[in-house]
Amino acid sequence: MTETLFRDDAYRKETAATVIFADARGIALDRTVFYPRGGGQPGDQGELAVDGGATIPIVNTVYDADRQTILHVPADGAALPAPGAAVVARIDWRMRYGRMRAHTALHLLSVVLPYPVTGGSVGDAEGRLDFDCEATLDKAEVERKLNELIALDAPVGQRWISDEELDANPALVKTMSVKPPLGSGRVRLVAIENLDLQPCGGTHVARTGEIGRASVTQIEKKGRINRRVRIVLSEL
Ligand SMILES: [Zn+2]
């Protein structure tokens, strides 16, 4: 089982950790700042600096089958560290921060367009959401509203509720295709003050102002009742 430091502090760039095991699938650590692929957000990249040894490039991060252990996938041909080895795990911060900004921007997009979300993905300073929506959407209008919300510089926080509380409040779940993980007894809610509250396990910026300028680059009709909206964030 891996302690998930990115959950409480998405801004943490590195941590000391101990190798639990390392095999062809990846390197498991007792704690990590690396976000594992999930919820439409890709797994982090970065490096593991082995105490007294090599620095191992990490090209992806995924959950192991138990959904409790996080695997750091090394670059092809990298030597694997021994169990018990001390490492410093360091993420590619530039890439991660672009994803945090994009992920938070998608929450705001779901406020601008209050339709059920049927899919989505977070990229590097860009992303998309698919909406269950029959309406014709105006790109310039969506972009204007999205940037108004970003400019509010609203704080982004989190709290935890029980599975039972979530079951009692089904309206919290905007994403039809990705059910929040139930069964662990508690669910993480991400709150953008006075704007948005929904279950989410991803990484976000601390205030919406950090997103910067967002452009709506495309609104695509994917069938009669599906609209795919793509956004791109400007360079900071
Ligand atoms: Zn989120």
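Residues numbered from 1 in each chain as written. Predicted model: local features only at pLDDT ≥ 70, side-chain atom pairs only at ≥ 80, totals over all residues. Heavy atoms only, no water.

Participant: Sorry, what's going on with the coordination of the zinc ion here?
Facilitator: Six octahedral donors around a metal ideally subtend angles of 90 or 180 degrees, whereas four tetrahedral donors ideally subtend 109.5 degrees. Around the zinc ion, the donor atoms from the protein are His-103 (NE2), His-107 (NE2), Cys-200 (SG) and His-204 (NE2), and they sit 2.0 to 2.1 Å away. Each of the four donor atoms around the zinc ion contributes to a set of angles spanning 98 to 125 degrees, which defines the coordination as tetrahedral. In primary-sequence terms, the residues that donate to the zinc ion follow H-x3-H-x92-C-x3-H. Pair noted here: His-103 is in helix α2 (residues 93-112) and His-204 is in the loop between β13 (196-199) and β14 (214-221), with a separation of 101 residues, a long-range link. (Donors = N, O, S within 2.8 Å, 3.2 Å for Na, K, Ca; no water. Tetrahedral: all angles 85-135°; square planar, octahedral: opposite > 155°, others 65-115°. Helix = DSSP H or I, 4+ residues; strand = E, 2+ residues; numbered from the N terminus.)

Participant: Explanation requested: the sheet that holds strand β9 (residues 117-122) in the structure shown.
Facilitator: Two orientations exist for strands paired in a sheet by backbone hydrogen bonds: parallel and antiparallel. Read from one edge of the open sheet, four strands run β9-β10-β15-β14, paired in antiparallel fashion. Of all the strands in the sheet, just β9 and β14 have a single pairing partner and so form its edges. Geometrically, the sheet is characterised by an average inter-axis angle of 15 degrees between neighbouring strands, direction not taken into account. The pairing of β14 with strand β15 (residues 226-233) spans seven bridges and is classified as antiparallel. Residue pairing in the sheet places Gln-218 in a bridge with Arg-230 of β15. Packed onto the sheet, α2 meets β9, β10 (126-132) and β15 and runs at close to 25 degrees relative to β10. Taken strand by strand, helix α3 (residues 139-151) contacts β14 and β15, and its axis lies near 140 degrees from that of β14. (Pairing = 2+ DSSP bridges. Axes fitted to C-alpha atoms, helices over the stretch in contact; angles between N-to-C directions. Contact = heavy atoms within 4.5 Å.)

Participant: Is there a simple way to think about the sheet that holds strand β11 (residues 156-162) in this case?
Facilitator: Spatial strand order, β11-β12-β13: three strands in an open sheet with antiparallel pairing. On the outer flanks of this sheet lie β11 and β13, each paired with one strand and no other. When strand polarity is set aside, the average angle formed by the axes of neighbouring strands in this sheet is 25 degrees. Sheet topology places strand β12 (residues 186-192) next to β13; four bridges connect them, and they run antiparallel. For Val-190, the partnering residue across the bridge sits in β13 and is Gln-198.

Participant: Any chance you could explain the packing of aromatic side chains here in plain terms?
Facilitator: What characterises a pair of aromatic rings is the spacing of the ring centres plus the angle enclosed by the ring planes. With the rule as written, the count across this model stands at four aromatic pairs. Residues Tyr-11 and Tyr-97 carry aromatic rings whose centres are separated by 6.4 Å and whose planes lie at 55 degrees to one another, so their mutual orientation is tilted. Of this pair, Tyr-11 sits in the loop between α1 (5-8) and β2 (14-23) while Tyr-97 sits in helix α2; the two residues are 86 residues apart in sequence, bridging distant segments of the chain. The class of Tyr-11 is partly exposed, set by a relative accessible area of 25%. We classify Tyr-97 as buried; its relative accessible area is 17%. Ring plane angle 25 degrees and centroid distance 5.3 Å describe the contact between Trp-93 and Tyr-97, whose orientation is recorded as stacked. On the criterion of helical spacing, the pair formed by Trp-93 and Tyr-97 is a turn pair, its members being four residues apart in helix α2. Through a chain of ring-to-ring contacts, the aromatic side chains of Tyr-11, Trp-93 and Tyr-97 assemble into a single cluster. (Phe/Tyr/Trp six-rings, centres within 6.5 Å; stacked < 30°, edge-to-face > 60°. Buried < 20%, exposed > 50% of the residue type's maximum accessible area, 1.4 Å probe, protein only.)

Participant: Before we go on, may I ask you to explain the pairing of strand β7 (residues 70-74) in this structure?
Facilitator: Taken residue by residue, a regular strand's side chains alternate between the two faces of the sheet. In terms of residue burial, β7 counts as a mostly covered element, since four of its five residues are buried. With two bridges connecting them, strand β3 (residues 26-29) and β7 associate as antiparallel partners. Within β7, the position partnered with Ala-28 by the bridge is Leu-71. Inspection of the sheet shows strand β6 (residues 55-63) paired to β7 by five bridges, in the antiparallel sense. The residue of β7 that forms the bridge with Tyr-63 is Ile-70.

Participant: Hey, could you run me through the nonpolar core in this one?
Facilitator: One broad trend across soluble globular proteins is that nonpolar side chains are buried collectively. Core analysis: the biggest nonpolar cluster contains 33 residues, and Leu-109, Leu-113, Phe-131 and Leu-146 have the highest contact counts within it. Put simply, the parts of the chain that give this core at least two residues each are α2, β9, β10, α3, β12, β14 and β15. The element that contributes the greatest number of residues to this core is α2, accounting for eight residues. Apart from residues lying up to four places away in sequence, Phe-131 is in contact with Leu-109, Ser-110, Leu-113, Tyr-115, Pro-116, Val-117, Thr-118, Ile-225, Asn-226, Arg-227 and Val-229. In this structure, Leu-5, Val-33, Val-87 and Ala-89 belong to the second largest nonpolar core, which totals 15 residues. (Core = buried A, V, L, I, M, F, W, Y, C linked by side-chain atoms within 4.5 Å.)

Participant: What is the right way to look at α2 in this model?
Facilitator: In an α-helix there are 3.6 residues to a turn, and that puts residues three or four apart on one side. With 20 residues, α2 extends 29 Å from end C-alpha to end C-alpha; this agrees with the ideal 28 Å at 1.5 Å per step. Counted residue by residue, α2 has 17 buried out of 20 residues, so it is predominantly covered. Its side-chain oxygen 3.4 Å from the backbone nitrogen of Arg-94, Asp-92 forms the N-cap of α2. (Expected span 1.5 Å × (residues − 1). Polar contact = N/O pair within 3.5 Å; in protein donor to acceptor, adjacent residues only side chain to side chain.)

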